[in-house]
2 protein chains.
Amino acid sequence: MFEARLKSFFEDAGDGTPSARVVRLLRERGTLSATEIARLTGLAKSTVSMTLAELRRSDIVIEKASSETGRGASVGRPATALMLNPKVGTCVGVLFGLEAIQLIVADVSHRVISDRKVQIEPDYSPAEAAALTRRLIDEAYEEHGLAPEGRLGVGVAVAGPINPVDGRVLRASGVPTWAGTDIRATFGPVLKSPIFADNESNCAAIAEMMWGAAIGVEDFVFFKIDLGVGGAIVNRGHVVRGIAGSAGEFGHMMIDPAGPLCRCGNRGCLELYASARTALADTERRLGRPFDMDGLVALARGGDEPSRRQIAEMGEAAGKGLAIIGTAINPALVVLGGRMPLAGDMLLGPLSESFERHTLVKRAEIAPEARTRFVPGVFTDNDACLGAVGLVLRHHGRPG
Amino acid sequence: MFEARLKSFFEDAGDGTPSARVVRLLRERGTLSATEIARLTGLAKSTVSMTLAELRRSDIVIEKASSETGRGASVGRPATALMLNPKVGTCVGVLFGLEAIQLIVADVSHRVISDRKVQIEPDYSPAEAAALTRRLIDEAYEEHGLAPEGRLGVGVAVAGPINPVDGRVLRASGVPTWAGTDIRATFGPVLKSPIFADNESNCAAIAEMMWGAAIGVEDFVFFKIDLGVGGAIVNRGHVVRGIAGSAGEFGHMMIDPAGPLCRCGNRGCLELYASARTALADTERRLGRPFDMDGLVALARGGDEPSRRQIAEMGEAAGKGLAIIGTAINPALVVLGGRMPLAGDMLLGPLSESFERHTLVKRAEIAPEARTRFVPGVFTDNDACLGAVGLVLRHHGRPG
DNA sequence: CCGTATTTGTTCTATGATGAACTTATTAAG
DNA sequence: CTTAATAAGTTCATCATAGAACAAATACGG
């Protein structure tokens, strides 16, 4: 029932009418009060009030149950929390990982309705991915009684940079068979939805910005330490994509011209030193059985010196890379994502020490509020998939 | 006569009234047609028309002499070029260099009225700088019959990062005696004007964006190769300053942990390999007489192998640094500033070759329009000082 | 328990930005 | 030389937006 009207809001780019701006803001933020909406849109309180009256009458905007409302301990009349009516629409986020596909369905009030992960044969093709995704989406919508017509879009997180103008995968470092794929053309007809595609690290950064460790922070760097090293740059609240879509590929910054060959073809990439891949291979060789990151961390926690040293060396290298990034970009915040930061101080101690040693402006030289803060990410495993949902909720223009 | 009215436009932050927006846009851009103003402000043609009628009646906006108007070879009624009345106000830009102060006075129509440079004893203090600047400004205003009350602000370009919140110099790599100086507090009372301060590389980037090689480009990196190496990042048309103001300090990205000690205290900074300082010192030692960059380039042009090799090595190192920046930021454009790019292909050949070798995404892999373009800067010696004028013309909020 | 301070949210009217239709100024084509 | 096409700039009635004043809902201090 909402589709026709909402579609007009949803497609409205630019500043648009107050209604469109209010709906867009609620889509981005989830829950807000009328006063916050006025402040964030720059509209007058009176305009927002009128607009909200109309939107509430047509049931597009509803009040959040007061029990869920954050208990404001401040004086003054308490704000009524508003959100989009969940029935107004649903968003899908998909992450195409190395050997698994994760799919999250959420409604426009930011509530996650379904979250599942299925294994898939490595080196699967985009077409296979599209077919499987279609099945997963249909199953999820069926299971939860959701109307397919209410689907506002599908966000796609891919393990490689995507050209922001033509929407093609540049080089999928994680899934090489995807190079050159036109995501919109491949997935649009199969999924019968507007498609919003982005790199998985960019998606993860969006998740941290919308719901995680970077809420309210407009300038930060997301730095992922996992099997590989990746990242994203957020400036003034926008993900920096770069002219070819490859911004934030921190793992392939060259830090030693004489270093070993990287899978990207260059030598001495940061990833070779700061990711878990090398350490895992070493450990497997040393102990004669396969290891994942949890296993490596457990081993180190158990007191195994070689793995402790390896994790420390990863931190040391990551800190060096972050010092280079910090010198160039000087972000307010670094969010450390991926699974390795779960190792805690074993990794983060050497990391911050190394950062401090290699950075231009030393901690002691500047006021505390001018220092780059380091925090672990809130999401570890489903950051990219959540961010793909965020892509749909946040989009301001046409699908892309 | 204009001061009172203009001040209200000038101080108006945020979106403001149509008049304020039109005046601000003209201040930033210099010359525009009514239609361009409508497009750039997002206001309706009718609104712009009414606003301009008012502004022209009060002589704040005037027509540019048609002879100067760019001969548009297109069909349709030709646009009338509009600009702010030069009498409306003047802006000053000052650059505090190692051993010279440069001062440019311009009016709000973007015409340079005075441009001069005076030598000063190295290691001069901020107070001395303020006193001398005061004298230079008074002389220039006297000489050209300008009213001091019409001065809208003084832009200050400093050879070191400036904390964007408190306006203090972090560490003046070029002029170390300035560390900790509060620019506004030091210069404001002496110059009796609003002060707008920024790092010299940020200023240079602004000059290239407003009048130089980056006109119309919203995402670019400015990379200076001179006695030192510096730079700036522009994203979505805004200079990225960073939380402490030290963004863009490319010269101190660490590229070799085992490298020699840098004047910043760290080891193996890019500047040690990519700036002219080392090469000049070597050449001076080798030939037993002092050299500047022009001399080094002339020597190399004359066929001197050692200096050719040194310039090529500088290019090689700069390309390596730019590859790191490109991998992290992936800008649409790199503007090469400073005096070394005047060496031409001797430097730029090895530079782009090295960039290509060390970068993640290779030229051949992407569409031409997705490639990072390299261009030399339009200004070499007065980029920073012009940019300081631009700081005043462009400012959107309070002095800072 | 009650008034004061404080913040949220609504009502109403004057204003001012807008869009549609129009005029003006030019190039290109017949 | 006339007409069509194109783009710039203007005029004016209309309606959406904003500002000020007001109403509602809470905390706090005495």
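Predicted model only: the values in this text are computed from it and were never measured.

Enquirer: Could you clarify how one ought to interpret the overall build of chain A in this entry?
Expert: Looking only at helices and strands, one finds 13 helices and 13 strands in chain A. For 400 residues, the compact-globule estimate of 2.2 N^0.38 gives 21 Å, and chain A sits close to it at 22 Å. Going through the 400 residues of chain A one by one, you find that 56% of them count as buried. For chain A, restricting intrachain contacts to residue pairs at least 6 apart in sequence, the fraction spanning at least 24 positions comes to 62%. With an accessible surface of roughly 16600 Å², chain A has 52% of that area assigned to carbon and sulfur atoms. Taking the 45 positively charged and 47 negatively charged side chains of chain A as two groups, their mean positions are separated by 4 Å.

Enquirer: Sorry, what's going on with the sheet that holds strand β3 (residues 82-84) of chain A here?
Expert: Paired through their backbone hydrogen bonds, the strands of a sheet run either parallel or antiparallel. Residue and element names in this part refer to chain A. In spatial order, the strands read β1-β3-β2; together these 3 strands make up an open sheet with antiparallel pairing. Edge positions in the open sheet fall to β1 (31-32) and β2 (61-63), since each of these has one partner strand only. The pairing of β2 with β3 spans 3 bridges and is antiparallel. By the bridge assignment, V61 is partnered in β3 with L84. In the packing of helix α4 (residues 45-57) onto the sheet, contacts are made with β2 and β3, and the angle to β2 comes to roughly 90°.

Enquirer: Before we go on, may I ask you to explain the protein's contact with DNA strand C in this structure?
Expert: If you check the shell around DNA strand C, you find 22 residues, and the closest are A:S49, A:R77, A:T80, B:S46 and B:T47. Restricting attention to atoms of DNA strand C within 4 Å of the protein, one finds that 66% of them are sugar or phosphate atoms. A distance of 3.1 Å is found between a base oxygen of DNA strand C and a side-chain nitrogen or oxygen belonging to B:R77. Mapped onto the surface near DNA strand C, the elements with two or more residues apiece are α3 (34-41) and α4 of chain A together with α4 (45-57) of chain B. If you tally residues by element for the surface near DNA strand C, the top one is α4(A), at 3 residues. Residues that form the surface near DNA strand C fall into these classes: 9 nonpolar, 10 polar and 3 charged.

Enquirer: I tried to follow the protein's contact with DNA strand D on my own but got confused; where do I start?
Expert: Near DNA strand D you find 23 residues, and of these A:P18, A:S46, A:T47, B:S49 and B:T80 are the closest. Here a phosphate oxygen of DNA strand D and a backbone polar atom of B:A34 are 3.3 Å apart. In the model, a base nitrogen of DNA strand D is placed 3.0 Å from a nitrogen or oxygen of the B:K45 side chain. Of all the elements in the fold, those that place two or more residues in the surface near DNA strand D are α4 of chain A together with α3 (34-41) and α4 of chain B.

Enquirer: Please explain the interface of chain A and chain B as it appears in this structure.
Expert: Reports often express the size of an interface as the amount of accessible area lost when the parts come together. Listed by partner, the interface residues are 45 residues for chain A and 45 residues for chain B. Between chain A and chain B, a total of about 3700 Å² is buried, with carbon and sulfur atoms accounting for 61% of that surface. At the junction of chain A and chain B, the tally comes to 0 salt bridges. Those elements giving two or more residues to the side of chain A that touches chain B turn out to be β10 (229-235), α11 (305-329) and α12 (345-358) of chain A. With 5 residues, α11(A) is the largest single contributor of residues to the side of chain A that touches chain B. Here the side of chain A that touches chain B is built from residues that sort into 21 nonpolar, 14 polar and 10 charged.

Enquirer: Would you mind showing me how to read the packing of helix α10 (residues 293-301) of chain B against helix α11 (residues 305-329) of chain B here?
Expert: The description of two helices packed together rests on the angle between their axes and the distance between the axes. Residue and element names in this part refer to chain B. Interhelical geometry of α10 versus α11 gives an angle of 115° and a closest axis separation of 7 Å. The handedness of the crossing between α10 and α11 comes out as left-handed. Each of L296, V297, L299, A300 and R301 in α10 lies in contact with α11, whose residues at this interface are S307, R308 and I311.

Enquirer: Looking at this model, I keep getting lost on the domain arrangement of chain A. Mind explaining?
Expert: Residues and elements named next belong to chain A. The domain architecture assigned to chain A consists of domain 1 (3-87), domain 2 (89-205 + 383-394) and domain 3 (213-376). Contacts between the two partners involve 13 residues from domain 1 and, on the opposite side, 12 residues from domain 2. Scanning the region where domain 1 abuts domain 2 turns up 0 salt bridges. Summed over the shared surface of domain 1 and domain 2, the result is 5 residue pairs in polar contact (both at pLDDT 80 or more). Its residues placed into classes, the side of domain 1 that touches domain 2 shows 6 nonpolar, 2 polar and 5 charged.

Enquirer: I would appreciate a short explanation of the relation of the copies chain A and chain B in the present structure.
Expert: If you rotate chain A by 180° and push it 0.0 Å along the axis, it lands on chain B with an RMSD of 0.1 Å. Expressed as a symmetry operation, the mapping of one chain copy onto the other fits a two-fold axis. Judged by C-alpha distance, A:I255 is the residue of chain A that lies nearest the rotation axis, at 3.0 Å. The share of interface residues of chain A whose copies in chain B are also at the interface is 100%, consistent with both copies meeting through the same surface.

Enquirer: Can you walk me through the state of the cysteines in this structure?
Expert: In protein structure, a disulfide is the covalent linkage between the sulfur atoms of two cysteines. All names here are of chain A. Considering all chains together, one arrives at 0 disulfides over all chains under this definition. For the unlinked cysteine C91, the closest cysteine sulfur is that of C385, found at 12 Å. Note on C203: no disulfide assigned, nearest cysteine sulfur contributed by C385 at a separation of 8.8 Å. You can call C203 buried: its relative accessible area is 0%.

Enquirer: Could you clarify how one ought to interpret the packing of aromatic side chains in this entry?
Expert: Residues and elements named next belong to chain A. This model, assessed by the stated rule, comprises 12 aromatic pairs over all chains. Both rings, one in F96 and one in F187, keep their centres 5.3 Å apart while their planes meet at 35°; by these two values the pair is tilted. Placement of the pair is F96 in strand β4 (residues 90-96) and F187 in helix α6 (residues 183-191), with a sequence separation of 91 residues. With respect to burial, F96 and F187 carry one shared label: buried. Directly above the ring of Y141 sits R151, whose terminal nitrogen or CZ lies 4.9 Å from the centroid.

Enquirer: Where do I start with the sheet that holds strand β10 (residues 229-235) of chain B in this structure?
Expert: Residue and element names in this part refer to chain B. A sheet is described by the order of its strands in space; here 5 strands give the open sequence β11-β10-β9-β12-β13, paired in mixed fashion. The strands lining the two open edges of the sheet, one partner per strand, are β11 (238-239) and β13 (373-376). The sheet contact formed by β10 and β11 spans 2 bridges and is antiparallel. Residue pairing in the sheet places V234 in a bridge with V239 of β11. Of the strands in this sheet, β9 (220-225), β10, β12 (333-337) and β13 touch α11, which is tilted by about 160° from β9.

Parameters at a glance
Per chain, residue numbering runs from 1 following the sequence as it is written. For naming, the first written chain is A and the first written ligand is 1, with later ones following in the order written. The model is predicted, so local features are restricted to residues of pLDDT at least 70 and side-chain atom pairs to those at 80 or more, both for listing and for counting; the totals for chains, interfaces and linings are taken over all residues. As a rule here, side-chain values cover all heavy atoms of the structure and leave hydrogens and water aside. Note on conventions: DSSP H or I runs of at least 4 residues are helices, E runs of at least 2 residues are strands, and numbering of each starts at the N terminus. For the radius of gyration, the atom set is restricted to C-alpha positions; the globular benchmark scales as 2.2 Å times the number of residues to the power 0.38. Burial classes follow relative accessibility: with a 1.4 Å probe on protein chains only, a residue under 20% of its type's maximum area counts as buried, one over 50% as exposed, and anything between as partly exposed. In what follows, a contact means two residues having at least one pair of non-hydrogen atoms within 4.5 Å. All accessibility values rest on the Shrake-Rupley procedure with a 1.4 Å probe; residue burial counts only the protein chains present in the view. The charge count includes Lys and Arg as positive and Asp and Glu as negative, but it does not include His or the ends of the chains. In this description, the location of a charge corresponds to atom NZ of lysine, CZ of arginine, CG of aspartate or CD of glutamate. In this scheme, strands are said to pair when DSSP sees at least two bridges between them. Whenever a helix is involved, its axis is fitted only over the stretch in contact; in every case the axis is a line through C-alpha atoms, and angles between N-to-C directions fall within 0 to 180 degrees. Proximity is defined per residue: if any heavy atom of the residue lies within 4 Å of a molecule or strand, that residue is considered near it. Side-chain atoms alone can form a polar contact between residues adjacent in sequence; in general such a contact is a pair of N or O atoms within 3.5 Å, and within protein one must be able to donate a hydrogen while the other accepts it. Under this grouping Gly is polar, as are all residues other than the nonpolar Ala, Val, Leu, Ile, Met, Phe, Trp, Tyr, Cys and Pro and the charged Asp, Glu, Lys and Arg. Buried surface area refers to the total accessible area, computed with a probe of radius 1.4 Å, that the two partners give up upon joining, counted for both partners together. What counts as a salt bridge is simple: a side-chain nitrogen of Lys or Arg found within 4 Å of a carboxyl oxygen of Asp or Glu. When the near helix sits turned anticlockwise from the far one by under a right angle, the crossing is termed left-handed; a clockwise turn instead gives a right-handed crossing. Residue ranges assigned to the domains are those given by an automatic or database domain assignment. The copies were overlaid with a least-squares fit restricted to C-alpha atoms from residues scoring a pLDDT of at least 70 in each copy. In this description, the term disulfide denotes a pair of cysteine sulfurs within 2.5 Å. Aromatic pairs are defined between Phe, Tyr and Trp rings, using the six-membered ring for Trp, whenever the two ring centres lie within 6.5 Å; interplanar angles under 30 degrees are classed as stacked, those over 60 as edge-to-face, and all others as tilted. Look at NZ for Lys and CZ for Arg. If either is within 6 Å of the ring centre and within 35 degrees of the ring normal, a charge sits over the ring.

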